[in-house]
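# Examination of the molecular architecture
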Amino acid sequence: MEDRWVSVIFSGGFAGAATFAGMYLVLLREKWSRGNSAFLVSYSAGVLLGVGMLHVLPEAQELTGQAPAFFLLAFVLFYFLEHHMFLHAGHQTLHHPQLE
């Protein structure tokens, strides 16, 4: 039981230190981070989706053989809704001023 708590405290401390270091770098390089924020957010969203799908899809495949078809259908449906129905939450007004 004590081994588990040491692991939890170590992992939590490591995650906190990584978050602190990442935010420090963003604040240290503010001009660069503002200019590349769209790329960084896109990359992080892609990583989250990729990791989620790589972990969920094999388990779903074990439950039903139609899981890849459902995944593809859902992806195409949400892609259509996002890019063709304009269900954006204020993306049209979100413009970062260019730092000089």
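First, a word on scope: everything that follows refers to the structure included in this document.

Definitions and limits used
Sequence order as written defines residue numbering, which begins from 1 separately in each chain. Only residues with pLDDT of at least 70 are given local features in this predicted model, and only at 80 or more are side-chain atom pairs given and counted; all residues enter the totals for whole chains, interfaces and linings. Hydrogens are left out, water is left out, and the side-chain values use all remaining heavy atoms of the structure. We count a stretch as a helix when DSSP gives it H or I for four or more residues in a row; a strand needs E for two or more, and each element gets its number in order from the N terminus. Exposure categories follow from relative accessible area, calculated using a 1.4 Å probe and restricted to protein chains: below 20% of the type maximum is buried, above 50% is exposed, and the middle band is partly exposed. Polar contact is the term for a pair of N or O atoms within 3.5 Å; when the atoms are in protein, one must be able to donate a hydrogen and the other to accept it, and sequence-neighboring residues count only if both atoms are side-chain atoms. Distance thresholds for patches are 9 Å for like charges and 5 Å for nonpolar side chains (Val, Leu, Ile, Met, Phe, Trp, Tyr), applied to residues having over 30% relative accessible area and no salt bridge. Exposure was quantified through the Shrake-Rupley algorithm and a 1.4 Å probe, taking into account, for residues, occlusion by the shown protein chains and nothing else. Salt bridges are counted wherever a side-chain nitrogen of Lys or Arg sits within 4 Å of a carboxyl oxygen of Asp or Glu. Between the N-to-C directions of two axes lies an angle of 0 to 180 degrees, each axis being a line fitted to C-alpha atoms and, for a helix, fitted only over the stretch in contact. Every angle not falling under 35 degrees, over 145, or within 65 to 115 is termed oblique; those three ranges are roughly parallel, roughly antiparallel and roughly perpendicular. Any two residues whose heavy atoms approach within 4.5 Å are treated as being in contact. Charged residues are taken to be Asp, Glu, Lys and Arg, nonpolar residues to be Ala, Val, Leu, Ile, Met, Phe, Trp, Tyr, Cys and Pro, and polar residues to be all remaining types, Gly included.

### A few points about the overall build of the protein
In terms of helices and strands, the protein carries four helices and zero strands. Shown N-terminal to C-terminal, the secondary structure of the protein runs as helices and strands in the order α-α-α-α. Among the 100 residues that make up the protein, the fraction classed as buried is 3%.

### Structural notes on the side chain of S33
Topologically, S33 is positioned in helix α2 (residues 30-35). A polar atom in the side chain of S33 sits 3.4 Å from the backbone oxygen of V26.

### Describing a nonpolar patch on the surface
On the surface, a cluster of nonpolar side chains totalling about 590 Å² of accessible area is made up of M53, F71, L72, F75, V76 and Y79. The greatest single-element share of the nonpolar patch, amounting to five residues, is contributed by helix α4 (residues 67-84). Checked against the element boundaries, F75 lands in helix α4.

### Some remarks on the packing of helix α3 (residues 37-63) against α4
Where α3 contacts α4, the axes come no closer than 8 Å and their chain directions differ by 135°. Here α4 runs oblique to α3, going by the angle between their axes. Note on element contacts: α4 touches α3 through A67, P68 and F71, opposite M53, L57, A60 and Q61. When its residues are assigned to classes, the contact of α3 with α4 shows six nonpolar, one polar and no charged.

### Overview of the environment of P68
Mapping P68 onto the fold places it in helix α4. Put simply, P68 and L57 are 11 residues apart on the chain and 7.4 Å apart in space, counted from C-alpha to C-alpha. Those residues in contact with P68, other than ones at most four positions away along the chain, are L57 and Q61.

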